[in-house]
Amino acid sequence: MPDATTGVAGPPLLEVDDVTMQFGGVTALDHISFEVRRGEILGLIGPNGAGKTTCFNVMTGVFQPTSGEVRLNGQKLVSRSRHQITRLGIARTFQNIRLFPEMTALENVQVGGDARHRTSVPGALLRLPRHRREERDGRTQAFELLDFMGIPHAANSLARNLPYGDQRRLEIARALATGPELLCLDEPAAGFNPAEKEELLALIRRIRDRGQTVLLIEHDMRLVMGVTDRIVVLEFGRKIADAAPAAVRADPKVVAAYLGVPEDAA
Amino acid sequence: MNFEFLFANIGDLTVTGLSQGAIYALIALGYTLVYGLLKLINFAHSEVFMMGTFGALFAWQLVGLHENNPIPSVPMMIVYLLVGLVGAAVWSGVTALAVEFVAYRPLRRRNAPRLVFLITAIGASLAISEAVGIATGRQQFGMPDLFKTTTLVTIGDAHITNLDLGVIVAAIVMMVVLDQFINRTRLGRGIRAVAQDSDTAALMGINKNRVIVLTFVLGGVMAGAAALLYNLKIGVTRADIGFLLGIKAFTAAVLGGIGNLRGALLGGLALGLVENYGSALFGTSWRDVVAFAVLVIILMFRPTGLLGESLGKARA
Amino acid sequence: MSTGGDAPRRSAGGRFVDGLRTVDERRVAGLAGIRSRWRALPLVVRIAALAAVAVFFYLLPNLAIPLIPTPDTNFASVLFTVAVYVLVAVGLNVVIGLAGLLDLGYIGFFAVGAYSVAIFGSPASPLATKYPWLMLIPIAIAVSMVSGVILGGPTLRLRGDYLAIVTLGFGEIVRLIAVNWSITNGQIGIPNVPAPPGKFPDGSPLFGVIDTRPFYWLALTVVLICMFGVKLLENSRVGRSWLAIREDEDAAELMGVPSFKFKLWAFAIGAGLGGLSGALFASRQGFINSNSFDVLTSVLFVAAVVLGGAGNLAGVTLGAVLISYLPERFRGAAEYRFLFFGLALIAIMIFRPQGLIPSRRRAVELADRKREAEEEVTAGA
């Protein structure tokens, strides 16, 4: 049941447990703990350099945290390889778009779908039944996702030739193709105009309605407030708030962080 | 494995290994300078060195010094050494510049990826060595004797000859000069600035292309010096010597930490020693296998080399 | 400046492909026209056409086409050499063109395959076995693949240009071992390398030294089979994973591609095909020594792939044909061939970095654009 402080109640899907990440002498994440509950849309916000993307990178296995643990459905993720984490059910997009530029949109999405496929060289060479089944399912799913994201016309275009907005949508389609339980979006609205942002909001809700949990890094406060069930706020690598949007908006510490008021004054 | 032979001759093996390594180190500087600046393996640098060996030879022939001339007097020897150095440095420098202008600059203008540079570098290397091979009939050319090789000192069982000592001292002097140049002069500061952050350096008014040209010239001059020492030590040259020397010098650069000037010296000397000890252990025909095995092993286990990669922070 | 923290956003191979993007649009459009017309043909017609092309190549040594045959050398044996180069290019294309790994020591695998057949097959070798030729070939492929895995295992995690140099070192180590090892016997080499079995009705061996056409037909058959196999891989999860790794290895990993596994597969398959070409080469020669495996030849292999158009079977085939056929056709100029190829490598990278035949993908897309435009016109009318 939704309540004022925690948004949608559900069992924890992802637990970030006391994670610290240091680069040389710089502490990018300082004993961060929060959880993402199944079925919610969680916002992860904070000023520039607060450690949001670092947090994504620790969750998806790009960085090994200095200490702490990340669990998905109770399974430890730290020290697993990146592709294993993806197969366990986390998918992400990138702040700077990172598609496979010389592949078509369809192939980009198919690569995502391949995360759940098992065909390797022998199967592909011998055209075993599993290969054929996976190819068929992968193509069907890829077309469905392109459709879902509103870019069915782009299927046979090279990714690098798509307009900017379509590239962002394609990245989400590719991430969805991996069949994630948790979808992490890193500033998906960057560079969008207000109309496109509205569309994106609706889309994120539709993704949640498909039964997927969404973790959203976003700069645009209005966007975050409008769509999330709960918000975690980072500042200088520390968590300063974890509450429903309304409560976060009223939190003086958050206001101070965003407006740059010194902490003691806040 | 012949440990007995190795330990019986450890002194001599060390001396010859160091002088061979000094030559690798001077060539390695060229790889390290360009890599530190552009993140580019200048595969054609081997041919820059090869051209230097011919440059010295031509210069000597120009002043009338030929292969079978009698050994000159000491003052004339010094003159001939300088003539050879100038000839080698000029040829090597010009070759290095030609490679930069023909093979690299057009790509840089288009911001081409690293592997494309590597392929043109291979092309340039192939073209230069083949052109020289065709022009020289793929013959081997002997060098005139400038002095008589004698043993100067004997420490334990190590016989230190004037040649080996000269090569090692000359290489170290060149290194120190280069180090001072990079660290103390305005031009050297420009190189370090571009190596650290070329965009910011450009904003600060440093002409990046001029710095790059300077770096290629410096690498070329060092390769020229190495070529002169090589001529003195080995006594012959051919159009196809570049490949082997080049890849060993590259190994030396990687061993010491590519992009790091001191690393080039350390790596060169270390490679010379390892190779010499290795060939004593396994037999001289396995010498090059030892060198390549060292390269493969380093890249597998410590790709940043002994001293780490850095030109920007260089204390050469 | 910290080169250690130089985590390339895209794999070196991916950036390599970036370099192949200055496109001569008109020419691509022309090719795309041919391609789309080709794809519009009924399947039966396409198969028939391909079969006709194959038949043409099988008949090539028997046809007296003016200008093509080589005046100075036996034409069939030149064709055999060309076929072996094409096979090499098909294998190296998997490594360079598809997976984006620059392998400069491919000759090493070629040598491993050649020596495997010689060492296990020649009665002159101390390690000779009684296995028939048809068993020796799979052995040669297996040994090459294993050597590929042994080399690739520790090195495939390296940055792209470092990988290039390590593979170069590997190629040179293989050659030096061939020179120095007592069993490979250096310059003296290994004689009596077994040839494929079979006899003419009159009792003379089918794969003899006088008539080299059977060797050519054999090599051509092997090439066609391997091309088909590579095509099957390309159009599968494996091929997509290779392309994704080439384009952006980190992103590929994060999308669930086990990149190390597929890079290792690419390396092993490339090594296997290289070994197979070496084995065919050794069987045809009947004798091998260490002179056949120098690094220049390895560079030539790379040149074949890059000149024709990396990542594209038709392109690399053309590249291989040019590189092996031209020096045989113009023997007088053979002295200049490395000079020529060196200059050609520079020129191609500067003026036509996508190779002579650009990759299929670009062409497909341009064709789609054209179709869309036409549809709009029709819809508007």
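Residues numbered from 1 in each chain as written. Chains lettered and ligands numbered in written order. Predicted model: local features only at pLDDT ≥ 70, side-chain atom pairs only at ≥ 80, totals over all residues. Heavy atoms only, no water.

Draft legend 1. Seen up close, the pairing of strand β3 (residues 158–161) of chain B. Residues and elements named next belong to chain B. In this sheet, β3 lies alongside strand β2 (residues 151–155) in antiparallel orientation, the contact comprising four bridges. Bridging from a neighbouring strand, T154 pairs with H159 of β3. The loop that links β2 with its antiparallel partner β3 comprises two residues; one of these, G156, has a positive phi angle of about 60°. (Pairing = 2+ DSSP bridges. Helix = DSSP H or I, 4+ residues; strand = E, 2+ residues; numbered from the N terminus.)

Draft legend 2. Layout of the side chain of T93 of chain A. All names here are of chain A. With respect to the secondary-structure elements, T93 resides in the loop between β6 (90–92) and α3 (105–113). Classification of T93 by relative accessible area gives buried; the value is 3%. A polar contact of 3.2 Å, which involves the side chain of T93, links it to the backbone nitrogen of D186. The contact partners of T93, leaving out residues within four places of it in the chain, are E171, I172, A175, C184, L185 and D186. (Buried < 20%, exposed > 50% of the residue type's maximum accessible area, 1.4 Å probe, protein only. Polar contact = N/O pair within 3.5 Å; in protein donor to acceptor, adjacent residues only side chain to side chain. Contact = heavy atoms within 4.5 Å.)

Draft legend 3. Local environment of the nonpolar core. F49, W60 and Y104 of chain B together with W242 of chain C are the most contacted members of the largest nonpolar core, which totals 214 residues. Take this core: its biggest share by element is 18 residues, from helix α4 (residues 75–98) of chain C. Leaving out residues up to four positions away in the same chain, W242 of chain C has contacts with V94, L98, A99, L233, F262, W265, A266 and I269 of chain C. M149, I151, A189 and V214 of chain A belong to the second largest nonpolar core, which has 36 residues in total. (Core = buried A, V, L, I, M, F, W, Y, C linked by side-chain atoms within 4.5 Å.)

Draft legend 4. Structural view of a positive patch on the surface. A contiguous patch of positive charge, built from R87, R118, R130, R132, R133 and R136 of chain A together with K261 of chain C, is present on the exposed surface. Element by element, the count of residues in the positive patch is highest for helix α5 (residues 129–148) of chain A, at four residues. Looking at the secondary structure, you find R130 of chain A in helix α5. Under the relative-accessibility criterion, R130 of chain A is labelled partly exposed at 36%. (Patch = residues over 30% accessible without salt bridge, like charges linked within 9 Å, V, L, I, M, F, W, Y side chains within 5 Å. Areas by Shrake-Rupley, 256 points an atom, 1.4 Å probe, with all protein chains shown as cover. Salt bridge = Lys/Arg side-chain N within 4 Å of Asp/Glu carboxyl O. Lys, Arg positive; Asp, Glu negative; His and termini not counted. Charge placed at Lys NZ, Arg CZ, Asp CG, Glu CD.)

Draft legend 5. Broad picture of the side chain of E69 of chain A. Looking at the secondary structure, you find E69 of chain A in strand β4 (residues 67–72). Of the side chains bearing the opposite charge, K76 of chain A lies closest to the buried E69 of chain A, which forms no salt bridge; the N-O distance is 4.2 Å.

Draft legend 6. Local environment of the pattern of salt bridges. By the definition in use, this model includes 32 salt bridges over all chains. The residue E135 of chain A makes a salt bridge to R240 of chain C at a minimum N-O spacing of 2.8 Å. Placement of the pair is E135 of chain A in helix α5 and R240 of chain C in helix α9 (residues 237–247), with the two residues belonging to separate chains. Judged by its relative accessible area of 7%, R240 of chain C is buried. Residues joined in a network through salt bridges with shared partners are R82 and R98 of chain A together with D248, D250 and E253 of chain C.

Draft legend 7. Local environment of the arrangement of the chains. The assembly contains two pairs of chains in contact; the pair sharing the most contacts is chains B and C. The closest approach of any C-alpha atom in chain A to one in chain B is 15 Å; the two make no contact.

Draft legend 8. Broad picture of the packing of aromatic side chains. Following the criterion strictly, the structure yields 21 aromatic pairs over all chains and no others. Pairing Y106 of chain C with F301 of chain C gives two aromatic rings, centres 6.4 Å apart and planes at 80°, and the pair type is edge-to-face. Here the residue Y106 of chain C occupies a position in helix α5 (residues 106–121), and F301 of chain C occupies one in helix α12 (residues 295–308), the gap between them amounting to 195 residues. For F301 of chain C, a relative accessible area of 3% translates into the label buried. If you follow R98 of chain A out to its NZ or CZ, it ends over the ring of F94 of chain A, 5.3 Å from the centre. (Phe/Tyr/Trp six-rings, centres within 6.5 Å; stacked < 30°, edge-to-face > 60°. Lys NZ or Arg CZ within 6 Å of the ring centre and 35° of its normal.)

Draft legend 9. How the structure looks around the sheet that holds strand β7 (residues 182–186) of chain A. Residue and element names in this part refer to chain A. Read from one edge of the open sheet, six strands run β6-β7-β8-β3-β9-β10, paired in mixed fashion. The strands lining the two open edges of the sheet, one partner per strand, are β6 and β10 (238–243). Neighbour-to-neighbour, the strand axes of this sheet turn through a mean angle of 20°, independent of strand direction. Contacting β6 and β7, helix α6 (residues 164–177) crosses the sheet at an angle of about 155° to β7. (Axes fitted to C-alpha atoms, helices over the stretch in contact; angles between N-to-C directions.)

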